[in-house]
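# What the coordinates show
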Amino acid sequence: MGDTPGRRDAETLIRALYAEHGRSLLAYATRLTGDRAAAEDVVQETLLRAWKHADDLAAGKGSVRGWLLTVARNLVTDRARARAARPAEVADVLDRPPVEGDHSESVVNTMVVMAALDKVSPEHREVLVQLYYRGRSVAEAAKELGVPPGTVKSRSYYALRALRTVLAEKSEEEVSHE
């Protein structure tokens, strides 16, 4: 761009504007934004626009102070509109686990377990349903099934082993089909 007389005059004008109106412009922008750093950005952008329109300001058309304050207010308004137009930024929350998007994995797991339950003996299935799906204690499951608590414990042990075997076989089948 070079150091031309017009450019030097514009820089001189901006320095004079900042010296005369900088403090009040910063105070006004701070009141509008509620944030000193944002207000400083607004003042800087306001003075940049004044530099771009130095010829109009030097010509004495209207109040320079009014022009500067209007530009600052418009900049604050534009920034607020831009923030409102885009979604709010959310910082990562480290103390909470991420939100689960859907329950499809849970549904698939339930379907796999239900299919595996169909492949174990009816006695084993009944014990697992009572203990794990209905949430009953060993004593409650024993009463419901009409068997001693020791039988419920024994059946649950062997039922879980049988269920693991069925699930392992299913997993091996899936791997071999891929």
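Notes on the structure in this doc start here. Quick caveat, the model's predicted, so the values are computed rather than measured. (Residues numbered from 1 in each chain as written. Predicted model: local features only at pLDDT ≥ 70, side-chain atom pairs only at ≥ 80, totals over all residues. Heavy atoms only, no water.)

Helices and strands together make up the secondary structure of the protein, namely eight helices and zero strands. From first element to last, N terminus to C terminus, the protein shows the α and β order α-α-α-α-α-α-α-α. Expressed as a percentage of contacts within the protein between residues at least 6 apart in sequence, the contacts between residues at least 24 apart total 57%. Accessible surface, the protein as shown: approximately 13,100 Å² in total, 53% of it carbon and sulfur. (Helix = DSSP H or I, 4+ residues; strand = E, 2+ residues; numbered from the N terminus. Contact = heavy atoms within 4.5 Å. Areas by Shrake-Rupley, 256 points an atom, 1.4 Å probe, with all protein chains shown as cover.)

Now for helix H4 (residues 64-85). What sets the pattern is the α-helix's 3.6 residues per turn: residues three or four places apart point alike. Across its 22 residues, H4 extends 31 Å between first and last C-alpha, which sits within 8% of the 32 Å expected from 1.5 Å per residue. Looking only at H4, the buried set comprises Leu68, Val71, Ala72, Leu75 and Val76. Viewed along the axis of H4, the buried residues span an arc of 135°, placing them on a single side of the element. Turned more than 90 degrees off the buried face of H4, the exposed positions are Arg81, Ala84 and Ala85. Measuring from the backbone nitrogen of Arg65 back to the side-chain oxygen at the start of H4 gives 3.4 Å, which picks out Ser63 as the cap. (Expected span 1.5 Å × (residues − 1). Buried < 20%, exposed > 50% of the residue type's maximum accessible area, 1.4 Å probe, protein only. Arc of directions from axis to C-beta. Polar contact = N/O pair within 3.5 Å; in protein donor to acceptor, adjacent residues only side chain to side chain.)

It is worth spelling out the environment of Arg155 at this point. Position of Arg155 relative to the elements: it lies in helix H8 (residues 149-177). In sequence terms Arg155 and Val127 are 28 residues apart; their C-alpha atoms lie 6.7 Å from each other. Sequence-distant contacts of Arg155, that is, excluding residues within four places in its chain, are made with Glu123, His124, Val127 and Val147.

Turning to helix H2 (residues 36-52), a few remarks are in order. An ideal rise of 1.5 Å per residue puts 24 Å on 17 residues; H2 measures up with 24 Å between its terminal C-alpha atoms. Listed in full, the buried residues belonging to H2 are Ala38, Ala39, Val42, Val43, Thr46, Leu47 and Ala50. Two or three places before Ala37, at the opening of H2, Asp35 has a side-chain oxygen 3.3 Å from that residue's backbone nitrogen.

Time to look at the side chain of His124. Here His124 shows up in helix H6 (residues 122-133). On the basis of relative accessibility, which here comes to 18%, the residue His124 falls in the buried class. Apart from the residues lying within four places of it in its own chain, the contact partners of His124 are Arg155, Tyr158, Ala159 and Ala162.

Membership of the largest hydrophobic core comes to 17 residues, with the highest contact counts inside it found for Leu17, Val42, Val43 and Ala50. When contributions to this core are tallied by element, the ones reaching two or more residues are helix H1 (5-33), H2 and H4. By residue number, the principal contributor to this core is H1, which donates six residues. The contacts of Val43, once residues within four sequence positions are left out, are Tyr18, Leu25, Leu26 and Ala29. Core analysis: the next-biggest nonpolar cluster, separate from the first, contains seven residues, Ala116, Val120, Leu163 and Val166 among them. (Core = buried A, V, L, I, M, F, W, Y, C linked by side-chain atoms within 4.5 Å.)

Bringing the pattern of salt bridges into the picture now. Per the counting criterion, the structure on display carries two salt bridges. One salt bridge in this structure joins Glu40 and Arg36, with 3.0 Å as the shortest N-O distance. Of this pair, Glu40 and Arg36 both sit in helix H2, four residues apart, which is roughly one turn of that helix. (Salt bridge = Lys/Arg side-chain N within 4 Å of Asp/Glu carboxyl O.)

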